[in-house]
Amino acid sequence: MSVPDYMQCADDHQTLLVVVQPVGIVPEDQFFRIYKRIASVSQISIRDSQRVLFIRYRHHYPPENNDWGDFQTHRKVVGLIAVTECVSAKEWPQTSDRFHDHKEVYGSTLYDSRLLVYGLQGEVAEQARTDVAFYPSYDECEDVERRVEDFIESLFIVLESKRLDRATDKSGDKIPLLCIPFEKKDFVGLDTDSRHYKKRCQGRMRKHVGDLCLQAGMLQDALVHYHMAVELLRSVNDFLWLGAALEGLCSASVIYHYPGGTAGKSAARKPSISVPADAGKRHRPGAQELLIDPGALTTNGISADTSSEIGRAKNCLSPEDIIEKYKEAISYSLYKNAGVIELEACVKAVRVLAIQKRAMEASEFLQNAVYINLGQLSEEEKIQRYSILSELYHLIGFQRKSAFFKRVAAMQCVAPTIPEPGWRACYKLLLETLPGYSLSLDPQHFSQGTHKGWAAVQMRLLHELVYASRRMGNPGLSVRHLSFLLQTMLDFLSDQEKKEVTQSLENYTSKCPGSMEVITLSDGLKLLPVAFTKLPIVRSVKLLNLPVTLRPRKVKSLLGQSMAVKSPFIYSPITVHHRGDERSKKIDFQWVQGDVCEVQLMVYNPMPFELRVENMGLLTSGVEFESLPAALSLPAESGLYPVTLVGVPRTAGSITVNGYHTSVFGVTSDCLLESLPGVKTSGCTVEVVPALPRLQLNTSLPRSAHMLLPASGEEVSTSVSVQLFNGETRQLMIRLENIGAEPLETLELTSKTVHTKEKLFGEFLSWSLEDTLSQFPLKPGQVATLTVNIKVKLDFSGQENLLQDLNDDGISVTGLPISSPLRQVLKPRVESKAGNPPESSKGGEYNPVKTLEAILNFKYSGGPGHTEGYYRDLSLGLHVDVEPSVFFTHVSTLPATSTRQCHLLLDVFNSTEHELAVSAKNNEDLVLHAGECQRMAIQVNKFDFEDLPEPQDDRGQFTSLKQLEEERQQARGYEINSKLDICWEIPSLKRQGEASVEGVLNQLVLEHLQLAPLQWDVLVNGQPCDCDIVAECEVGDLVPLEVKLTNRSKHAVGPFALTVIPFQDYQNGVHNYELQDVVTFVGSNTFYIDSVNPTENCVCDGTLLFLYTGDFYLNIKFHDDSSSRELPLDWFCLPSVHIKALEPALQTML
């Protein structure tokens, strides 16, 4: 026997072997359909008995194995069921002959046979035959199972008769010697009458009867016979048959202990109990069932009475003894030709040990089976052998050993000696080896914890899968396995192996690109897609905020409303916890619909060569998102490298960045962040607000090299710069262009001065939005213009470094001591520009240029975002370098002829390098050369500072009275400066500006320029007398004199007393007050004024009479009383009165 049955198990020793074969031409599918129905009748209960008969079906069985039927009866074919197709009566004879030919193959051992004929109808089909069943078609054969049961019952009748025949041999009869084929030549010439020979015959017959009892369902009888056979055969050293008897004893014990079977069959078997079988007597009258006691042996070894052993189970081996007897049986099988028997015994023992969970002992049996030499095996037999060994190792839990033999079987499928290699079978077997090597085709298993298994073996196996799939003609499968190898085994590949694998992958993908689709094999196995999460390796993912100019901002009032709607409570711990969870999921900034958004990845190239990544983009969920793919090239082992992926959200809502997609080596990968180990991220969900317009600014000024950094943390996108002389005004033309897709509907402009300690006078930046807003809404692509006036007025009066030495001119410089070491002349400073100063002097060089920086903030909105309460900010930085033009080194005042006027004396200094002209109202232009200082006098009307509005302190910015007073002084300076209107002009540069005195007006000057709170008006003949006005009158006429007091102070004043004294001025310093005979008063020359309330006035009237002609002056003196002493003297400045008395005109006599 050279063909082993690897599916053998101990339970098969109690089965009857029935072969089911097709006769003639039978469709394969129809045959196996009938075969399955036949095989479903695998056990039946014998009528009138507790015994159960088990059947084992085979559709192919080697005839040479049938010759071993006496050695082990379960190897003997006792039944034949033939299936044939016959459509006409003419074919029936030929079909019948073929059936008889099939019976002759197993004729020596057959108990009975049946022929199932399909398709034949008519007279032949109507003949009643027990061994032939006719069916009109394969579908019309409902009683196949019943006929099979009848057939099995007939087999039992023959089996029972043979068992009784063997068990009831007469003592005088000679027991034949049962032999196996290769033994017949060894027994030629032996003495058949010797005691040794007879015991051999008895032992083999006992073993044979035990097999028949086991098949007939008499388990206890079989155990007794096996024990007796073991004793007899051991005494005569019949080792081969002794091994068979021990194996039979083990099989019977296994059937007793494990009624469910050892082959994993679903139907549990009931243990057979030895009882007298009356059903057998009807087949053979006088027959008797006996249980043989091993100690009750006669000469022929047959006992007459064994009733005392009925029901005893002591002959059954224990589970431990079963294995020991199996070892003994296999060790006694020392015959070369019994290798198949030994191999099958090992397989049976392993199945028993698997149930007993004794894996180590089972592995010893399997190791023995590996080294059993069965001679020359075909390639198919080798594949079958290795596959069964793999299954058995798997059964006992030796997964890696199982995988090893499965892989050997796979390699055997494509051995060079096979004309047509079975690559599909090889591939299938290789797939089955994966679990044994801790290898799964699911890439997710390799991202969890440490690597399991031997990486070198796993890589070898994956390479074999790639090669097998390629030989199968499935390049897509090759790409999937090679991608899996590169992704999961990257850390274990050498640099050279990485290059070879990637080159192979590129070759495969050039024919069949890799995708993220699931590949389903013919057997239903699904190969999951492989994402290249290590090509490149991503260390961190960060969602980037929009640029400062594009960030959306929520209107504060709407933001407060939305917060109030969320909860009616001021504080709730539940709400706080909820918001904390939201912060951990969502990012605290927003993206805008329609704008390009960015996600930054820090990636690393682990390959020893340049890695080209194509079509890299974002994977998102939530709102509709248009990913804009990118291509990058990473240098070899680049280290962390920033990569920015961009996209455009097309709708508003919440968007989550789930990962990214790449195309590397022709393989498309979708890499999800949740499957990336060790990736740092600050959040992947962001809110997308509705679309907003985009504003772009273009200005008439050049860009600035200075980048403004406000202390508030704002970012300025663009800065422009300009150089101005102090007092100069420049227009900044701003071009507003809507470069977005939404209309620009609203615009607000604010400004803020930053980083300056300089005292700024006047309005630095001014504009009007009326003309600009009249062009709104601004559609996409449209342009509007805006003009911003830049006016710089700084105080350079304290810049002593710029002053010349003016002592030679006799002009004093306020606040500058003559001995000050900082005093310099301007001319040497100008000349020094021609050469480069030494390095040591550069650090302390004085720079007269002052700097002003401001930010123009454009707040604009429009489109759907405006409806939702969102807007954008765009900041324009302005850097202004202010050079000194003219400034005033000294300011003083002189009284004028009028009490309501004074002379303002200004020392004007030209600090530029150019000639300039200074002009003021009602004054001639003053031309100043570079570095020249001259004095100019300006007659000005005094100012009523009480009418100026008080500084507003709504925000509490004035922390002290001193600051409030400074603010008042600044307002007064602005008022004075606006009335003076002092301007300068540089003709050579065609530049002009305003010269401001705001910073140089001290308190004393301001007091001189202030209109007194008590206003005194003197009228002569109804005409006011002030300045150089001369009142004329005629001698002898009464001249009315009126003195009017107006109280412009905040308090009531008075009473006052004043006396009018006339005098003459001889213009030589002599005043003549003795004018009693020249001028006389009509009434008193003293006026009395009662208390005058604020804003009220009081008028005193008097009359003068001039007796002579001449120029007369009136001196009005206040009486020295308590009321006048409490008030400042400058409150009592009355205008001088000049009266000219003329000769009376001659009247013409009519």
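- As annotated in an unreviewed UniProt entry, the protein chain is Trafficking protein particle complex subunit 9 isoform X1 from Acipenser oxyrinchus oxyrinchus.
- Regarding the protein chain, the relevant UniProt record gives this comment under Subcellular location (unreviewed entry): "Golgi apparatus".

### Some words on the environment of Gln496
1) Next: Mapping Gln496 onto the fold places it in helix H15 (residues 495–511).
2) Next: Along the sequence, Gln496 and Pro608 sit 112 residues apart, while their C-alpha atoms lie 8.8 Å from each other.

### Some thoughts on the packing of aromatic side chains
1) Next: Following the criterion strictly, the structure yields 21 aromatic pairs and no others.
2) Next: Both rings, one in Phe32 and one in Tyr35, keep their centres 6.3 Å apart while their planes meet at 75 degrees; by these two values the pair is edge-to-face. Of the two residues, Phe32 and Tyr35 are both situated in helix H1 (residues 28–39); the distance of three residues between them amounts to about one turn of the helix.
3) Next: Given the relative accessible area of 13%, Tyr35 is considered buried.
4) Next: With a centroid separation of 5.0 Å and an interplanar angle of 80 degrees, the aromatic rings of Phe71 and Trp241 are classed as edge-to-face. Note that Phe71 is positioned in the loop between strand S3 (52–58) and strand S4 (77–85) and Trp241 in helix H6 (residues 239–257), a separation of 170 residues in sequence.
5) Next: Classification of Trp241 as buried rests on a relative accessible area of 0%.
6) Next: Here a set of aromatic residues connected by ring pairs shows up, and it is made of Tyr386, Tyr393, Phe398, Phe404 and Phe405.
7) Next: Just above the ring of Trp454 sits the side chain of Arg400; from NZ or CZ to the centre is 4.3 Å.
8) Next: In this structure, Lys859 packs its charged tip against the face of Tyr871, placed 4.4 Å from the ring centre.

### Focus on the sheet that holds strand S16 (residues 641–649)
1) Next: The five strands are arranged S14-S16-S12-S9-S19 in an open sheet whose pairing can be described as mixed. In this open sheet, the two strands that pair with only one neighbour each are strand S14 (625–628) and strand S19 (680–681).
2) Next: Taken together, the four bridges between S14 and S16 define a ladder with antiparallel strand orientation. When the sheet's bridge partners are listed, Phe625 is paired in S16 with Pro649.

### Things to note about the sheet that holds strand S31 (residues 916–919)
Each strand in a sheet pairs with another by means of backbone hydrogen bonds, the pair being arranged parallel or else antiparallel.
1) Next: With respect to topology, four strands assemble into an open sheet ordered S32-S31-S34-S35, the strand pairing being antiparallel. Strands at the two margins of the open sheet, each flanked by one partner only, are strand S32 (926–928) and strand S35 (991–994). Pairs of neighbouring strands in the sheet enclose a mean axial angle of 20 degrees, with direction left out of account.
2) Next: As judged from the three bridges shared by S31 and strand S34 (residues 983–986), these two strands associate in the antiparallel manner. Within the sheet, the bridge partner assigned to Val918 lies in S34 and is Trp984.

### Here's the deal with the packing of helix H11 (residues 399–413) against helix H12 (residues 423–433)
1) Next: One way to put it is that H11 packs onto H12 with a least axis distance of 8 Å and a crossing angle of 170 degrees. Between H11 and H12, the angle falls in the class roughly antiparallel. Contacts from Ala403, Lys406, Arg407, Ala409, Ala410, Met411 and Cys413 of H11 reach H12 at Ala425, Cys426, Leu429, Leu430, Glu432 and Thr433.
2) Next: The residue inventory of the contact of H11 with H12, partitioned by class, reads nine nonpolar, one polar and three charged.

### Topic: H12
1) Next: Here H12 has its buried residues at Trp423, Cys426, Tyr427, Leu429, Leu430, Leu431 and Thr433.
2) Next: If you follow the buried residues of H12, they end up packed against helix H10 (379–395), H11, helix H13 (455–471), helix H14 (475–488) and strand S8 (526–527).

### With respect to H15
1) Next: Given a rise of 1.5 Å per residue, 17 residues ought to cover 24 Å, and the 25 Å separating the end C-alpha atoms of H15 matches this to within 8%.
2) Next: Turning to H15, its buried residues number three or more, namely Lys498, Val501, Thr502, Leu505, Tyr508 and Thr509. Down the axis of H15, the smallest arc covering the buried residues is 125 degrees, so these residues share one side. For H15, the exposed residues set more than 90 degrees away from the buried face come down to Asn507, Ser510 and Lys511.

### Re the pairing of strand S13 (residues 611–622)
1) Next: Judged from the four bridges that link them, S13 and strand S15 (residues 630–634) form a sheet pairing that is antiparallel. Bridging from a neighbouring strand, Leu611 pairs with Leu634 of S15.

### A word on empty space enclosed by the protein
1) Next: Counted under the stated rule, the structure contains six cavities of 30 Å³ or more.
2) Next: For the largest cavity, the calculated volume is near 120 Å³.
3) Next: If you go around the largest cavity, you meet 20 residues; those closest to its centre are Asn726, Leu794, Asp795, Val886 and Ser996.
4) Next: Its residues assigned to classes, the lining of the largest cavity comprises 10 nonpolar, six polar and four charged.

### What about the environment of Thr509?
1) Next: For Thr509, the position within the fold is in helix H15.
2) Next: When its relative accessible area of 8% is taken as the criterion, Thr509 is described as buried.
3) Next: Between the alpha carbons of Thr509 and Gly666 there is a distance of 5.3 Å; along the sequence they are 157 residues apart.
4) Next: Setting aside residues no more than four positions away along its own chain, Thr509 makes contact with Val479, Gly514, Phe665, Gly666 and Val667.

### Side note on the pairing of strand S23 (residues 729–738)
1) Next: Two elements, strand S21 (residues 695–699) and S23, share five bridges in a ladder whose sense is antiparallel. Looking across to S23, one finds that Gln696 is bridged to Glu737.
2) Next: Sheet analysis places S23 next to strand S26 (residues 783–791), joined by nine bridges and oriented antiparallel. By the bridge assignment for S26, Thr729 is matched with Lys791.

### A short note on the environment of Ser675
1) Next: With respect to the helices and strands, Ser675 occurs in the loop between strand S18 (667–672) and S19.
2) Next: What makes Ser675 buried here is its relative accessible area of 16%.
3) Next: In this structure the C-alpha to C-alpha distance between Ser675 and Thr533, which are 142 residues apart in sequence, comes to 8.5 Å.
4) Next: In this view, Ser675 contacts Gln444 and Ser447; residues no more than four positions away in its chain are not counted.

### Quick notes on the nonpolar core
1) Next: One finds Tyr427, Leu486, Leu535, Trp591 and Leu601 to be the most contacted residues of the largest nonpolar core, which totals 83 residues.
2) Next: If you tally residues by element for this core, the top one is H13, at seven residues.
3) Next: Ignoring any residue separated from it by four or fewer positions in sequence, one finds Leu535 in contact with Leu486, Leu490, Pro606, Met607, Leu611, Val664 and Phe665.
4) Next: In terms of nonpolar packing, the next biggest core, distinct from the first, is built from 69 residues, Cys201, Val230, Leu366 and Ile372 among them.

### Some details on the pattern of salt bridges
1) Next: Scanning all chains against the criterion turns up 35 salt bridges.
2) Next: Note that Arg37 and Glu145 form a salt bridge whose closest N and O atoms lie 2.9 Å from each other. Highlighted residues: Arg37 in helix H1 and Glu145 in helix H3 (residues 144–167), separated in sequence by 108 residues.
3) Next: A relative accessible area of 22% places Arg37 in the partly exposed class.
4) Next: Between Lys791 and Glu994 there is a salt bridge, with its nearest N and O atoms 2.9 Å apart. Placement of Lys791 in strand S26 and of Glu994 in strand S35 is noted, with a sequence separation of 203 residues between them.
5) Next: We classify Lys791 as partly exposed; its relative accessible area is 26%.
6) Next: By relative accessible area, Glu994 is classed as buried at 15%.
7) Next: When salt bridges with common partners are traced through the structure, they connect Asp143, Arg146, Arg147 and Asp150 into a single cluster.

What counts and how
Residues numbered from 1 in each chain as written. Predicted model: local features only at pLDDT ≥ 70, side-chain atom pairs only at ≥ 80, totals over all residues. Heavy atoms only, no water. UniProt positions renumbered as here; feature names shortened; annotations may be inferred. Helix = DSSP H or I, 4+ residues; strand = E, 2+ residues; numbered from the N terminus. Phe/Tyr/Trp six-rings, centres within 6.5 Å; stacked < 30°, edge-to-face > 60°. Buried < 20%, exposed > 50% of the residue type's maximum accessible area, 1.4 Å probe, protein only. Lys NZ or Arg CZ within 6 Å of the ring centre and 35° of its normal. Pairing = 2+ DSSP bridges. Axes fitted to C-alpha atoms, helices over the stretch in contact; angles between N-to-C directions. Parallel < 35°, antiparallel > 145°, perpendicular 65-115°, else oblique. Contact = heavy atoms within 4.5 Å. Nonpolar A, V, L, I, M, F, W, Y, C, P; charged D, E, K, R; others polar. Expected span 1.5 Å × (residues − 1). Arc of directions from axis to C-beta. 1 Å grid on protein atoms, 1.4 Å probe; cavity = no way out; pocket = protein on both sides within 12 Å on 5 of 7 lines; lining within 4 Å. Points joined across faces, edges and corners; volume = space filled by probe spheres on them. Core = buried A, V, L, I, M, F, W, Y, C linked by side-chain atoms within 4.5 Å. Salt bridge = Lys/Arg side-chain N within 4 Å of Asp/Glu carboxyl O.

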